[in-house]
Amino acid sequence: MSERRDEGSDDRRGNPVAFRGRGFAPRPVPGVGLAVFVILIAAAELGTRTGWISALTLPRPSAVFATFVDLWRSGQLWIHLVPSLRRILVGGSIGIGVGVSLGVMIGLFGLVRAGLVPLVAALFPIPKIALLPLFVVWFGIDEASKYALIAFGTFTPTVVATFGAVDNVDRGLIRMGQSFGLSWWSIVSKIVLPGAFPGILSGLRVSISIGIILLVASEMIGAEHGVGAYILEAGALYDLERLFTGVALLSILGLLVSWIIDLVERRFLGWRG
Amino acid sequence: MDLLIENVGHSYGSVEVLREVSLDIPHGQIVCLVGPSGCGKSTLLRFLGGLEEPRAGRVLTVGEPPSDSLNPLTYVFQHFALLPWRTVEGNVRLVLEDHRLGRAEIDAIVADVLARTRLSEFAGALPKQLSGGMKQRVAIARALAVRPAVMLLDEPLSALDSQTSELLLDDLVALWTRQPFTAVYVTHNLSEAVRLGHRIVVLSRRPGRIREILTVDMPLSDRHLGDPVLEAHQRQLWELMRDEAVAADRELLGE
Ligand SMILES: Nc1ncnc2c1ncn2[C@@H]1O[C@H](COP(=O)(O)OP(=O)(O)OP(=O)(O)O)[C@@H](O)[C@H]1O
Ligand SMILES: [Mg+2]
């Protein structure tokens, strides 16, 4: 009896074992991310053109794009973008730099851990935006208060991510370093920091996004230029096109950060299994 | 350089792990430590390597290590302990970088130990690309690179399948035959112990004490799988350990 049978029929030789190992292994699917944006924007365009979405609820994406082009042509784009980028760069660098350093110290020294972990836990839930007026009083209405707000806001999530990452470094590797007589500094720089790097990097995704949120908040007080000031002004005039242009700029900034971190991960974390 | 263990005893909290262990490890010998699980073998090895201090007794080195030895007491770990972000070569380099060696000298040492462990072709590979046996060979290459006076091996083959560990056992014998080294070799596997050990130290169950020291006179290079003399030694070891192992297996941890 060796005739061929249809699949799934009760073949005398037995039934095929059902495959159940599917899923739980997300693979990159190129183009889908872009498609989601395109579909959403196209839907908004269609909705506003047919009048199904009123012009008061949502601006037409093409009009937002035109505003954006205008902004670019007139040179206003850079006038707003450059100060914003400078603020996020300076503030973010301070916050992340201090955060990573303190996080590593918390991870390495019992005394620092005992002293700072409760403090960080107390600072973390404070909405930093609420402190803006205070920062203005402490650091002045100019740039310093903006840097401070962004630095403070990026600091807390960075510290928490960093000391968590340091805690998770394989103790066996540290033992190995000690057993070969490596210096303290070698162990920290060649074993602890590279081992903590993936965790620190995923912490940075969160910290930088929080930094962008705080950037806008800080520019709502005492800023002539900047994406936040631009959005605030547009909002006050209920100029939806400009409001959305500003919002889109922030989204682009977020995408850019995420893309850069992806690049760094691909470049430096290829060793992960 | 010899190692001397004098009356070492230790407890973790209320759990007594080792009691009055005295042992000497003479130059050029491989001493195997066997004993039931939890009897303190790894703990004793950590004392020997200076990674932990015993509560009682002391561990001494007798005589000077060879002057060219960079790290006299050197470990090979059960789970390899390779840095996953460094290549095979980078992992070996890691342990040389802290010593004041010229670039050329480091290159020469790395090339030499990779050749001795048959890894030269894989110098640029990352640990994730290697099989378990190769990873352990990298760890052995790394240990050889610092020219140890004593190698401390904690179940170096137990994470590997039996064929791979058989091959690696041959590698260790070949390395020793070419250039005898001193080693303390912790293992669960009695056949490994009789293949490698000049002396085999049997520890009792916790608290670990020395029950018996077995001397195997046959030269390492003559010991082969299934040799009747070795089998007899192995049987003898098992007889010694059986009761301890049964008793240890019945014990509740943390009592
Ligand atoms: N750092 C530690 N803190 C507390 N208890 C420990 C510590 N290290 C080991 N122990 C305990 O000491 C005992 C001996 O441990 P050790 O690892 O030396 O045993 P072992 O002989 O190597 O066992 P195995 O053969 O299973 O590897 C065990 O009961 C273990 O639980
Ligand atoms: Mg052990």
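**Q** Break down the sheet that holds strand E2 (residues 15-25) of chain B for me, citing the residues and quoting the values.
**A** Residue and element names in this part refer to chain B. Pairing in this open sheet of three strands is antiparallel, and the strands run E2-E1-E4 from one edge to the other. At either margin of the open sheet sits one strand with a lone partner, and together these are E2 and strand E4 (56-62). Averaged over all neighbouring strand pairs, the angle between strand axes comes to 15°, with direction disregarded. Direction of pairing for strand E1 (residues 2-12) relative to E4: antiparallel, over a ladder of six bridges. Pairing of Ile5 across the sheet is with Val59, part of E4. Here helix H1 (residues 41-48) sits on the sheet and contacts E1, E2 and E4; the angle it forms with E1, its principal contact strand, is near 125°.

**Q** Before we move on, can you summarise the pattern of salt bridges with the specific residues and values?
**A** Taken as a whole and assessed by the stated rule, the structure comprises 24 salt bridges over all chains. Close ionic contact of Glu16 of chain B with Arg19 of chain B constitutes a salt bridge, the shortest N to O distance being 2.7 Å. Owing to a relative accessible area of 30%, Glu16 of chain B belongs among the partly exposed residues under this scheme. Residue Arg19 of chain B is classed as partly exposed on the basis of its relative accessible area, which comes to 32%. Residue Arg93 of chain B is joined to Glu89 of chain B by a salt bridge in which the shortest nitrogen-to-oxygen separation is 2.8 Å. A residue pair is termed a helical-turn pair when its members lie 3 or 4 positions apart in one helix, as Arg93 of chain B and Glu89 of chain B do in helix H2 (residues 88-94) at four residues. With relative accessibility at 16%, the residue Arg93 of chain B sits in the buried group. According to the relative accessible area criterion, Glu89 of chain B is partly exposed, its value standing at 27%. A single salt-bridge network, built from bridges that share partners, covers Arg86, Arg87, Glu143 and Glu219 of chain A.

**Q** An account of the packing of aromatic side chains is needed here, citing residue identities and associated values.
**A** Here the structure, examined in full by the defined rule, presents eight aromatic pairs over all chains. Each ring, one from Phe135 of chain A and one from Phe139 of chain A, has its centre 5.8 Å from the other, and the planes form 75°; the classification is edge-to-face. Here Phe135 of chain A and its partner Phe139 of chain A are both found in helix H5 (residues 132-139), four residues apart, which amounts to about one turn of the helix. The class of Phe135 of chain A is buried, set by a relative accessible area of 5%. Judged by centre distance (5.2 Å) and plane angle (15°), the ring pair of Tyr75 of chain B and Phe77 of chain B falls under stacked. In terms of burial, Tyr75 of chain B and Phe77 of chain B fall into one category: buried.

**Q** Which residues make up helix H3 (residues 103-116) of chain B, and what values go with them?
**A** Residue and element names in this part refer to chain B. In a regular helix each residue adds 1.5 Å, so 14 residues correspond to 20 Å; H3 covers 20 Å between its end C-alpha atoms and thus fits that length. Of all the residues in H3, the buried ones are Ile106, Ile109, Val110, Val113 and Leu114. Summarising the axial view, the buried residues of H3 lie within an arc of 125°, below the 170-degree limit, and thus occupy one face. In the segment just after H3, Arg118 is the residue with positive phi, at about 55°.

**Q** Would you mind going over the domain arrangement of chain B in detail, with residue names and values included?
**A** Residues and elements named next belong to chain B. Considered domain by domain, chain B is made up of domain 1 (2-65 + 151-253) and domain 2 (84-148). Relative to domain 2, the C-alpha centre of domain 1 lies at a distance of 26 Å. Between domain 1 and domain 2, the residue contacts involve ten residues of the former and ten residues of the latter. A combined buried area of about 910 Å² lies between domain 1 and domain 2, and 71% of that area is made up of carbon and sulfur atoms. Sorting the residues of domain 1 by area buried against domain 2 places Met151, Leu168 and Leu175 first, and these three jointly supply 47% of that buried surface. Applying the counting rule to domain 1 against domain 2 returns one salt bridge. Residues Arg118 and Asp171 are paired through a salt bridge, measuring 2.7 Å at the closest nitrogen-oxygen approach. Remark: the boundary between domain 1 and domain 2 carries two residue pairs in polar contact (both at pLDDT 80 or more). Considering only residue class, the side of domain 1 that touches domain 2 consists of six nonpolar, two polar and two charged.

**Q** Lay out the interface of chain A and chain B with the relevant residues and their values.
**A** At the junction of the two partners, chain A supplies 19 residues and chain B supplies 23 residues. Carbon and sulfur atoms supply 66% of the area buried between chain A and chain B, which totals about 1,800 Å² over both sides. Together, Phe180, Lys190 and Trp271 of chain A form the three largest contributors to the area buried by chain A at its contact with chain B, with a combined 40%. Remark: the boundary between chain A and chain B carries three salt bridges. Between Asp98 of chain B and Lys190 of chain A there is a salt bridge, with the nearest N and O atoms lying 3.6 Å from each other. Our enumeration of links across chain A and chain B arrives at seven residue pairs in polar contact (both at pLDDT 80 or more). If you tally residues by element for the side of chain A that touches chain B, the top one is helix H7 (residues 171-179) of chain A, at six residues.

About the cut-offs
Residues numbered from 1 in each chain as written. Chains lettered and ligands numbered in written order. Predicted model: local features only at pLDDT ≥ 70, side-chain atom pairs only at ≥ 80, totals over all residues. Heavy atoms only, no water. Pairing = 2+ DSSP bridges. Helix = DSSP H or I, 4+ residues; strand = E, 2+ residues; numbered from the N terminus. Axes fitted to C-alpha atoms, helices over the stretch in contact; angles between N-to-C directions. Contact = heavy atoms within 4.5 Å. Salt bridge = Lys/Arg side-chain N within 4 Å of Asp/Glu carboxyl O. Buried < 20%, exposed > 50% of the residue type's maximum accessible area, 1.4 Å probe, protein only. Phe/Tyr/Trp six-rings, centres within 6.5 Å; stacked < 30°, edge-to-face > 60°. Expected span 1.5 Å × (residues − 1). Arc of directions from axis to C-beta. Domains from an automatic or database assignment. Buried area = accessible area lost by both parts, 1.4 Å probe. Polar contact = N/O pair within 3.5 Å; in protein donor to acceptor, adjacent residues only side chain to side chain. Nonpolar A, V, L, I, M, F, W, Y, C, P; charged D, E, K, R; others polar.

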